[in-house]
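Here is what each chain is made of, one letter per residue.
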Amino acid sequence: MNIIFIEPEPMEDLHVRWLDLPGPTDVMSFPMDELRPGTADRPTPPGMLGDICICPQVAARQAAESGHSAAEEMLLLATHGMLHLLGYDHATDPEREVMFALQRKLLLTFLATR
């Protein structure tokens, strides 16, 4: 897996090209293999995860709006991007609940150990 920090202009290009949405976004994930989340009795098979692109400028703006540090925002974005690479999505309400609950748990667990 790669985490790539990119400027707003190339992030906007990716956002338009792959999602047909204007403006730069905070994070985009580009999976190499089509992985799906595993279960206790059926683990996720091995594979190449892919790339996570993060735009620090967008992250810094969002962090200021949310009242936390840019580093914490980029940690959130990296976690979010990694979950996408692992096959999680938030296109539907049930998917969103699962993905965001796991994201929250991972972040809180990590931050509690710092």
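Residues numbered from 1 in each chain as written. Predicted model: local features only at pLDDT ≥ 70, side-chain atom pairs only at ≥ 80, totals over all residues. Heavy atoms only, no water.

### A few points about the overall build of the chain
Within the chain, the secondary structure is distributed over 4 helices and 3 strands. In the chain, the succession of helices and strands from N to C terminus is β-α-β-β-α-α-α. For 114 residues, the compact-globule formula gives about 13 Å, and the C-alpha radius of gyration of the chain, at 15 Å, lands near that figure. With the principal axes as the frame, the chain shows a C-alpha extent of 45 × 35 × 25 Å. Sequence separation of at least 24 residues holds for 51% of the intrachain contacts in the chain that already meet a minimum separation of 6. In the structure as shown, the chain presents an accessible area of about 7,400 Å², 58% of it carried by carbon and sulfur atoms. Of the side-chain charges in the chain, 8 are positive and 17 negative, and the distance between the mean point of each set is 7 Å. (Helix = DSSP H or I, 4+ residues; strand = E, 2+ residues; numbered from the N terminus. Rg over C-alpha atoms; globule rule 2.2 N^0.38 Å. Contact = heavy atoms within 4.5 Å. Areas by Shrake-Rupley, 256 points an atom, 1.4 Å probe, with all protein chains shown as cover. Lys, Arg positive; Asp, Glu negative; His and termini not counted. Charge placed at Lys NZ, Arg CZ, Asp CG, Glu CD.)

### Let's talk about the packing of aromatic side chains
Applying the stated rule across the entire model yields 1 aromatic pair. Taken together, a centroid distance of 6.1 Å and an interplanar angle of 70° make the contact between Trp18 and Phe30 edge-to-face. Linking Trp18 in helix α1 (residues 8-19) with Phe30 in strand β2 (residues 27-31), this pair joins segments that are 12 residues apart in sequence. Its guanidinium or amino end placed over the ring of Phe100, Arg96 lies 4.3 Å from that ring's centre, counting from NZ or CZ. (Phe/Tyr/Trp six-rings, centres within 6.5 Å; stacked < 30°, edge-to-face > 60°. Lys NZ or Arg CZ within 6 Å of the ring centre and 35° of its normal.)

### Structural notes on the sheet that holds β2
Strand pairing in a sheet relies on backbone hydrogen bonds, with the paired strands running either antiparallel or parallel. Taken in spatial order, the 3 strands make up an open sheet running β1-β3-β2, and their pairing is mixed. Only two strands of the sheet have a single partner each, and these edge strands are β1 (2-5) and β2. Between one strand axis and the next, the sheet turns by 15° as a mean value, whatever way the strands run. In this sheet, strand β3 (residues 50-54) lies alongside β1 in parallel orientation, the contact comprising 4 bridges. The residue of β3 that forms the bridge with Ile3 is Ile52. Helix α3 (residues 70-85) rests against β1, β2 and β3 of the sheet, and its axis sits at about 150° to β3. (Pairing = 2+ DSSP bridges. Axes fitted to C-alpha atoms, helices over the stretch in contact; angles between N-to-C directions.)

### Digging into α3
The end-to-end C-alpha distance of α3, which contains 16 residues, comes to 22 Å, matching closely the 22 Å that a straight helix rising 1.5 Å per residue would cover. When α3 is considered as a whole, its buried residues turn out to be Glu73, Leu77, Ala78, Thr79, His80, Gly81, Leu83 and Leu85. Close packing links the buried residues of α3 with β1, β2, β3, α2 (56-66) and α4 (93-112). (Expected span 1.5 Å × (residues − 1). Buried < 20%, exposed > 50% of the residue type's maximum accessible area, 1.4 Å probe, protein only.)

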